[in-house]
Every structure is written in structure tokens, then in C-alpha cells.
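Chain and residue survey
Here is how the chains run, residue by residue.
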Amino acid sequence: MTPDRLLMSNYGPPPIKFVSGQGTVLFDDNGKEYLDFLCGLAVTSLGHSHPRVAEALTVQAKTLLHVSNLFDTDPHIEVAKTLDELIRKETNIEIPGRIVFQNSGAEANEAAIKLARKHQGQGRHVILSALRSFHGRTLATLAATGQPEKHEPFKPLPEGFRHATWNDLDHFASLVDSSVGAILLEPIQGEGGVNPADPQFLKGIRKICDDHGILLIMDEIQAGLGRTGKWFGFQHAGIAPDIVTSAKALGNGVPIGAVWAIEEVASAFKPGDHGSTFGGQPLAASAAQAVLKTMIEIDAPLLATERGQELISMLEKVRGIESVRGSGLLLAAELDAEILSKWTAPEVARECLEAGLVVNGVTPTSLRLTPPLTVSTEELTKGVALLEKVLNSPKGKE
Ligand SMILES: *Cc1c(COP(=O)(O)O)cnc(C)c1O
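Now for a description of the structure that goes with this document. (Residues numbered from 1 in each chain as written. Predicted model: local features only at pLDDT ≥ 70, side-chain atom pairs only at ≥ 80, totals over all residues. Heavy atoms only, no water.)

The subject of this paragraph is the nonpolar core. Counting residues in hydrophobic clusters, the biggest one holds 107 residues, and the most contacted among them are Ile183, Leu185, Ile243 and Val348. If one sorts the elements of this core by residue count, helix 10 (residues 282-298) sits on top with 7 residues. If you look at the next biggest cluster of nonpolar residues, it comprises 6 residues, including Val194, Ala223, Leu330 and Val362. (Core = buried A, V, L, I, M, F, W, Y, C linked by side-chain atoms within 4.5 Å. Buried < 20%, exposed > 50% of the residue type's maximum accessible area, 1.4 Å probe, protein only. Helix = DSSP H or I, 4+ residues; strand = E, 2+ residues; numbered from the N terminus.)

So this is what it looks like as C-alpha cells:
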């Protein structure tokens, strides 16, 4: 029997085919217009077809595409320097850290786990992370992901991973022993439902790490690069991590990931310990270079703070929304009981899509809103009006 699609079914059947995008707007193959309040899962933070990113890619494509990491090239060196400066902002880390580039978020976390293991030595290999976390889909990052139901079909997973309750310092402390080498956390759990870390919790985790010689790895793949209103989510808590992973928005749609570590930890990687054919290659790095330059020029964290506050106050007035959580433009709207008696959040998201608004049902009861950091107040008003119309339409489960 011939399947109706050549692609494997690991994602459900796609409801729509998009053909182009400009800023916050997407167009499908019928020419219909959509407001993109999802950004390909918090990736296109500068909006679609950003001219600076497009220009950087065009110039780089005509200059040098690839030589491998056996040789030096320019774009990734500048990206490394800028990333290091942004990560050390608002921390007391004075010595520059170092970076290794990868091609995705999961690969960045995978490399971070390897780096932590190499630095901590054998017998201190355990990674402690949070329940409901999301760290990627490779076997090790899946093992680090605190969602047991995602583990089941792929067992046995690599060993050395433990999970504690989110924001529960005592539970984390109770799982620490001499085998724990690193604690891996998101500053706001993204895929797990947009659940912010309590700043006191992150401060407490930092202290546990200091007291026991444990490395703190912050997974900034979704929250980082301005989205929460700071360059990196951990900066809200005033702590300094030992390792930071970044990806998603770093290339504004071009695949690239990065692992940053303080010098003392970074130096654990010796020639031959890790590698990637493409990691940090010139085309992806040229996109990242344009992204970071642009984000600094427009003060992306400030935009996220300002538009985020506007979006929160608009959403709080919408009938059908119980509460809003998150920070900057990494937000979730919890639907109220009346709506949930008719619809699940993914069903509401599906209706929104029909109405011309791209959002996602991040839990059965809440919608995730991650518009571009460049979104305008008018676009926010328009998007929220579309959402309100969907929530207050008579349609729904009979
Ligand atoms: C998306 C995500 C990842 C995985 O990134 P991929 O590029 O999909 O591999 C890891 N951690 C967090 C917090 C993410 O949001």
C-alpha cells in the first residue's frame, strides 16, 4: 500500500502549507494571510525574511560555504565573541568563556552533557534535571527531558539522568549525591507549558551547585536571546551559570546551536573530544552574526519587555482566558473552565489557524504565544482580536 505522504508521520498531518513570510505575517499556498504568534517555535524572533539575515546569507553563499572545523573561518569567531559578551552581561564572570558550535538545540545540549561529564570525571556523570523539562530528542537529551511518557518507546536510554520536581529546591537537594556532576535547567520551561523558574529557586540551585562542586547548565535554547526581556533567562535571577546552551532564535531560522562554558570548564574539551562537520559553518554563522548584530541594535530584550507587557494586558481582558504566565514574549494563556468544557487548547489553536492566527496548544489547557520580538502593537491588537473572536464564537465540540 502506498502511504499518502512520503514523509514519516512523527508529526501529525500538517494542516497548512506556508509558502512565504514577511515580518510577523505568513502566507499559505492560497495566498491567505496569517499573523505568526508562534515563530516556528520561538525561532524567527526577528520575523520572517529579515533583510539583514537574507543579505548576510546571500553574501556568504557567494563567498564561502564550507571548509569544516579543521580550518578557521570568520563568521563564527565574531558570533562567539558576541555571544560570550551577552551571556556574561549582568553576571560577575570577568574572564571570557568559550564556545563550541553545533547545528541544533538537542546537539548543543548533547555537547553540554559531554562537556560536563568530561570536566567532572568518571563517577560524577549524573545529570539532574526537572520534571516537565524539555531538552531535545536525541537519546541523551531525551533521557534528560523530564517527561517519562516520551521515554517509554525508546528504552533503554543512556543511564545517569535523574529528575526532580520543578521549582522544588528540597526535592533537587534530596537527589544530590557524589555522582551528580551537573544540574540542567531551563529558565522558563518552554515545551513543558511555559513554566517560569522562581528566581529564589535558581539562586538556591546555584548554591547547591557551589556547595557540591556541581556544574549548572542553563538551557537557553527557547528562552534565550532576548525573548524573556533579558538577553538570557537566567539573568532575571541574578545568577551565573557554568554552561549555557543556545539555538532556536540564534539563526532566525537557519539551523545553528552553541554551547558556552566558563573557561575552566571549557578547557576540559581537548582535541578529539567532540566534533561536528557542520557546527558553526560559515553560512549558518553568517546568519547568527546578522541576528546578534540586529538584536543588539534594536535592543531586542527591551522590545520583548515592552511588547510582552502590552500583550499580557490585552490577553488579561479577553473573555475565555483565565490567566497569563511567562515573561517578555514567551507567554502562555490559560483558558478558563467554560472554554475548556467545549475545547482543548490544541483545538482552540486549530480554530485560530483557520481564523488567521498561528499559536500553539502547549498543554491541553493553555496556548503558547511567542510572536517575533519585532511585532508591532497594532499586530498584537489584531492577533488578540482574532483570538478573542475564536474563543467567543459559538463553534466547538458539540
Ligand atoms: C527546542 C528545544 C530544544 C531542542 O532543540 P532542537 O533544535 O529541536 O533540537 C532543547 N531545549 C529547549 C529548552 C528547547 O526549547
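Picking up after the structure, the text goes on.
Our next topic: the pairing of strand 17 (residues 366-369). Looking along a regular strand, one sees side chains alternate from face to face of the sheet. Side chains Ser366 and Arg368 project from strand 17 onto one buried face, and the interleaved Leu367 and Leu369 project onto a second face that is buried too. Judged from the 4 bridges that link them, strand 14 (residues 330-335) and strand 17 form a sheet pairing that is antiparallel. Paired with Ala332 across the strands is Arg368, a residue of strand 17. As paired elements, strand 16 (residues 360-363) and strand 17 share 3 bridges and run antiparallel to each other. Bridge assignment links Thr363 to a residue of strand 17, and that residue is Ser366. (Pairing = 2+ DSSP bridges.)

Let's shift gears to the site of the ligand. Ser104, Gly105, Ala106, Asn109, Phe134, His135, Gly136, Glu186, Asp219, Ile221, Gln222 and Lys248 make up every residue found near the ligand. For the ligand, an oxygen atom lies 2.7 Å from a polar atom in the backbone of Ala106. Backbone polar atom of Phe134 to a nitrogen atom of the ligand: 3.3 Å apart, as the coordinates give it. Considering every element that reaches the shell around the ligand, the biggest residue donor is helix 4 (residues 105-120), with 3 residues. Along the lines of polarity and charge, the residues of the shell around the ligand split into 3 nonpolar, 6 polar and 3 charged. (Near = heavy atom within 4 Å. Polar contact = N/O pair within 3.5 Å; in protein donor to acceptor, adjacent residues only side chain to side chain. Nonpolar A, V, L, I, M, F, W, Y, C, P; charged D, E, K, R; others polar.)

Taken as a whole and judged by the stated rule, the model has 17 salt bridges. For Lys81, the salt bridge identified is with Glu85, shortest N-O distance 3.0 Å. Remark: Glu85 and Lys81 occur in helix 3 (residues 75-88); sequence separation between them is 4 residues, near one turn of the helix. Assessed through its relative accessible area of 53%, Lys81 is described here as exposed. Its relative accessible area of 40% is what places Glu85 among the partly exposed residues. For Asp211, the salt bridge goes to Lys207, with nearest N and O atoms at 2.8 Å. Here the residue Asp211 and the residue Lys207 both occupy positions in helix 8 (residues 199-212), the gap between them amounting to 4 residues, near one helical turn. A network of salt bridges, in which partner residues are shared, links Arg206, Asp210 and Asp242. (Salt bridge = Lys/Arg side-chain N within 4 Å of Asp/Glu carboxyl O.)

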